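# Examination of the molecular architecture
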Amino acid sequence: MGRDEQDWTAIVDRLLAGDRLAFLEVNRLITSFLAQLRAYEFRDEWEDLRQEVVMSLVANARAGRLRDPQALVGYVRIITRNKVVDRLKARLRRHEKETVEWDDDVARALLETRATGPDGAGDDLRELWAAVRELPIEQQQVVDGIYRQGKTYEDVAAETGIPLGTMKRRLRDALVVLRARFVDDRRER
């Protein structure tokens, strides 16, 4: 008997009565949807996801909202997808709050430039800021705001109207270009 041919009303009734086999059957259905969604980056969270979906299923069954047994499989599919999307959104929000990783050599040069100021800088620092001026204007704004003016990521994002995640990506892209230019140049010397 396939997934759609099963009597899901009876399975849900058994689940509500505490039948462990019904619980395992519902878990198997949820796991198949997780695999279809390719939610493998959350593989360590599948048990939590399955429990959340089962809790939602039980709550709605007890409230009498699951009257159509043919729609139960679709309901479980949608709830599973929504739980995965919630996890993705939470992970994206966490990543936006993390600091941007960058190369120590470029960081040191940029911090020295900020400390001494572009006018009193030596040839290396003038060369660095000249390289920054060669970047696309969007990247220049971010590098200048953070490293020359000493503003926070949030301040630069607010002033430029760029979303924080986009601003961090532009900063990372700029630092990759600068690192490639200056680290390679120093190795050749």
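Residues numbered from 1 in each chain as written. Predicted model: local features only at pLDDT ≥ 70, side-chain atom pairs only at ≥ 80, totals over all residues. Heavy atoms only, no water.

Another point: helix 1 (residues 8-16). Listed as buried for helix 1 are Trp 8, Ile 11, Val 12 and Leu 15. Down the axis, helix 1 shows its buried residues gathered within 95° of arc, on one side only. (Buried < 20%, exposed > 50% of the residue type's maximum accessible area, 1.4 Å probe, protein only. Helix = DSSP H or I, 4+ residues; strand = E, 2+ residues; numbered from the N terminus. Arc of directions from axis to C-beta.)

Looking now at the confidence of the model for the protein chain. Here the protein chain averages 78 in pLDDT, and 76% of its residues register 70 or above. Per-residue pLDDT, averaged within each element of the protein chain, yields its smallest value for helix 5 (residues 104-116) (54) and its largest for helix 2 (residues 20-36) (90). (pLDDT = per-residue confidence, 0-100.)

Secondary-structure assignment places Asp 48 in helix 3 (residues 46-62). Relative accessible area serves as the criterion here: at 38%, Asp 48 is assigned to the partly exposed category. Separated by 35 residues in sequence, Asp 48 and Lys 83 have C-alpha atoms that sit 9.9 Å apart.

Considering all chains together, one arrives at zero aromatic pairs under this definition. If you follow Arg 148 out to its NZ or CZ, it ends over the ring of Trp 129, 3.9 Å from the centre. (Phe/Tyr/Trp six-rings, centres within 6.5 Å; stacked < 30°, edge-to-face > 60°. Lys NZ or Arg CZ within 6 Å of the ring centre and 35° of its normal.)

Following the criterion strictly, the structure yields nine salt bridges and no others. A salt bridge links Arg 87 to Glu 45; the nearest nitrogen and oxygen atoms lie 2.4 Å apart. Of this pair, Arg 87 sits in helix 4 (residues 72-97) while Glu 45 sits in the loop between helix 2 and helix 3, placing them 42 residues apart in sequence. Linking Glu 47 and Arg 50 is a salt bridge whose minimum nitrogen-to-oxygen distance equals 2.6 Å. Residue Glu 47 and its partner Arg 50 are located together in helix 3, separated by three residues, close to a single helical turn. Classification of Arg 50 by relative accessible area gives buried; the value is 14%. (Salt bridge = Lys/Arg side-chain N within 4 Å of Asp/Glu carboxyl O.)

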